[in-house]
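The residues making up each chain are set out below.
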Amino acid sequence: MRYSKLFLPTTRETPAEAEVISHQLLLRAGCIRKLTSGLYTYLPLGLMAMQKVAAIVREEMNRAGAQELLMPMVQPADLWQESGRWQKYGAELLRFKDRHQRDYCLGPTHEEVITDIARRELHSYRQLPVNLYQVQTKFRDEIRPRFGLMRGREFVMKDAYSFDVDDEAAGKSYRIMKEAYHRIFQRCGLSFRAVEADSGSIGGSFSHEFMVLADTGEDTLVICSSCEYAANVEKAAVALSEAGSAAEGTAALTRVETPGMKKVDRVADFLDVTPADIIKTMVFLADGEPVAVLVRGDRQVQEVKLKNLLGAAEVEPIDDDTVWKLTKLPVGYMGPVDIQIRLVADQEVMRMTDAIAGANEKGMHLRGVNPGRDFTPELVGDLRQITSEDGCPACGGRLSFTEGIEVGHIFKLGTSYSEALKATYQDKDGVDKPFVMGCYGIGVSRVVAAAIEQNHDDNGIIFPLPLAPFQVIVLNLGMKNEAISSAAEQLYRDLQDRGIEVLLDDRDERPGSKFKDADLIGIPYRATVGKVYEKDGMVELRLRATGETTMLPFESAGKQIATMIREELEQLQQSFD
RNA sequence: CGGGGCGUAGCGCAGCCUGGUUAGCGCGCCUGCCUUGGGAGCAGGAGGUCGAGUGUUCGAAUCACUCCGCCCCGACCA
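Residues numbered from 1 in each chain as written. Chains lettered and ligands numbered in written order. Predicted model: local features only at pLDDT ≥ 70, side-chain atom pairs only at ≥ 80, totals over all residues. Heavy atoms only, no water.

1. Notes on the nonpolar core
- Ranked by size, the top nonpolar core spans 62 residues in total, and within it Tyr181 and Phe185 carry the most contacts.
- Ranked by residues supplied to this core, first place goes to helix H2 (residues 44–63) with eight residues.
- For this core, the domains that each give at least three residues are domain 1 (16–191 + 416–453) and domain 3 (470–574).
- Counting 26 residues, the second-largest nonpolar core is a separate cluster that includes Met71, Trp86, Cys105 and Ala118. (Core = buried A, V, L, I, M, F, W, Y, C linked by side-chain atoms within 4.5 Å. Buried < 20%, exposed > 50% of the residue type's maximum accessible area, 1.4 Å probe, protein only. Helix = DSSP H or I, 4+ residues; strand = E, 2+ residues; numbered from the N terminus. Domains from an automatic or database assignment.)

Shown next, in the form of structure tokens:
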């Protein structure tokens, strides 16, 4: 490709709308342009990078035995009513009517449609297992789209669905996908980690997330330093230590004035205790109903765990005014004793003795509060966020925390969709059984953003070679110089003939601009033909990632560059073969 | 949806508080000259319903109200 013919509008300045680096660089490097909030046009360069990801995904999915199909983006409401998600999915599902006033939605995911295909076309255990996937644009009416491609409303996703005869077979399908995902992200040249995850609204029993490690990640991961354990903090179970569990509270319940002490720290200071001696009471809205949640004063409520314990579809924190309106409880002085709303507690709270808690009266706290004696929660469970002081749930080892960007998620779905949609097959004995399903997603467009979050510097993007729109950029620094220009052209053709994806910068620009743009768009290899060629017959090869520079004799430059690229790509592939 | 901020040329911004000629600056763009190894220089030029509407005023980018759009923090997620 010739740069002079390529639609590649780069900018020197960063548009004010972009906050995170991948968004800034995607805009500056002419990869995307915004249409409106959460909706982007992929310009040629951005599309090329995304197609690189998609190609790797397709190769590995096919290798794993999955088959590609393509489902409609518009889906009829009745399918969603059958699965029950028309009610459950919430405002993220964009609904609309056609001219006949029939209800439809824009597909945020395709469990319903694929299950419909399965129930129509798969009838016998002999046909199983089956794994079908697509690469398609999804639409989710996100509450707040942000960060460019990281969280758009429209995004490109690869979604796969497996159908098996039983749990064991489904487990096998799951493991095959997990393996395929490892290969995919490995081949993309990304630093990533698979972690145990909450299965979220899609439902199902078990799941792993694939996280690209980057400082700007939206998720926090805990990783054990001594075993294989890795999990999303939403999921990471807190192991309750046995220490102190035998002690029994003896103090009598007494009231104490704590005027103006709304924060745990201040109450602790005032009463000369530590936050760990205080029971913190917070109110959440679970499917619209207020619920009081207890954790130790120095702990944080993990909302996903709370949601799962309550079996709620939605849990949200509420502001002080709303708490008062709904419950007549004074924020800052709430406590579990004689509370009039639903009460749940973190397991750790039940071990506390002679604790401090709010008195449900402004300016008052209680001393000597003892679980069991003074209050009994409706539910007790692991509700708090894990901390670095907690041991690994698997082996007790030390935990470290890392930020990550979720680019893939695999779920064991079980039979929830197949049962709801009556999708069954006949087993050997002629008995109708629901398919045991799995579903497997990769945010293809998000992978591009994540790759940039992980790989960039002050000068721009540093594409990993497998995702780069072009593998090499050849700079012609002597547009008006016959010898230099023809040498650049010759190198360009030579690389093309060797099957290398090469961009020739043949624009009538000064060298400085060419260097800057080459850096900005992140092409891994840069070959410069200029003065040095004229003088010594040498081409300068520079690696975008390291800045490492070597001089190659013009005659063998094409061959050497092609070889380097081949070797780098092969290395990434071989690391798991 | 709750909280915060912003809308002035393609992009980045000033002007607004304290209303008053022709609305500026940098980058980019066009023409010419010149220059050619890290976003050069000189000269000339094009480009604006100041987000929209209503109001206040002799007079509104500037003040008030309403609406729209966008961005940031929270809940959601590939």
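2. Overview of the pattern of salt bridges
- As enumerated under the stated definition, the model contains 41 salt bridges in all.
- Residues Lys34 and Glu17 are paired through a salt bridge, measuring 3.3 Å at the closest nitrogen-oxygen approach. With Lys34 in strand S1 (residues 32–36) and Glu17 in the segment before helix H1 (21–28), this pair connects stretches of sequence that are 17 residues apart.
- Since its relative accessible area comes to 40%, Lys34 is described here as partly exposed.
- Glu17 sits in the partly exposed class, given a relative accessible area of 41%.
- Across the pair Glu348 and Arg296 runs a salt bridge whose closest N-O atoms are separated by 3.4 Å. In this pair, Glu348 sits in the loop between strand S17 (342–346) and strand S18 (355–358) while Arg296 sits in strand S15 (residues 289–296), placing the two residues 52 residues apart along the sequence. The residues Glu348 and Arg296 share a single accessibility class, namely buried. (Salt bridge = Lys/Arg side-chain N within 4 Å of Asp/Glu carboxyl O.)

3. Structural notes on the protein's contact with RNA strand B
- Surrounding RNA strand B, one finds 53 residues, the nearest of these being Arg12, Thr36, Arg510, Asp519 and Lys531.
- Counting only atoms of RNA strand B within 4 Å of the protein, the sugar-phosphate share comes to 47%.
- With respect to RNA strand B, the side chain of Arg144 contributes an N or O atom lying 2.6 Å from a phosphate oxygen.
- Broken down by secondary-structure element, the contributors of at least two residues to the surface near RNA strand B are S1, strand S8 (154–164), strand S21 (399–414), strand S24 (436–443), helix H13 (511–521), strand S29 (525–529), helix H14 (531–536) and strand S30 (538–543).
- Top contributing element to the surface near RNA strand B by residue count: H13, with eight residues. (Near = heavy atom within 4 Å. Polar contact = N/O pair within 3.5 Å; in protein donor to acceptor, adjacent residues only side chain to side chain.)

4. Regarding helix H8 (residues 303–310)
- Where H8 is concerned, the buried positions are Val304, Lys305, Leu306 and Leu310.
- Buried positions along H8 lie against strand S14 (279–286), S15, strand S16 (315–317), S17 and strand S20 (379–381).
- Backbone geometry just downstream of H8 places Gly311 in the positive-phi region, at approximately 65°. (Contact = heavy atoms within 4.5 Å.)

5. Focus: the layout of surface pockets
- Of the voids in this model, the second largest pocket is the one considered here, and its volume is about 510 Å³.
- Lining of the second largest pocket is provided by 26 residues; of these, Lys262, Lys280, Thr281, Met282 and Val331 occupy positions nearest its centre.
- Listing elements by their share of the lining of the second largest pocket, those giving two or more residues are helix H7 (264–271), S14, helix H9 (320–327) and S18.
- Along the lines of polarity and charge, the residues of the lining of the second largest pocket split into 15 nonpolar, five polar and six charged. (1 Å grid on protein atoms, 1.4 Å probe; cavity = no way out; pocket = protein on both sides within 12 Å on 5 of 7 lines; lining within 4 Å. Points joined across faces, edges and corners; volume = space filled by probe spheres on them. Nonpolar A, V, L, I, M, F, W, Y, C, P; charged D, E, K, R; others polar.)

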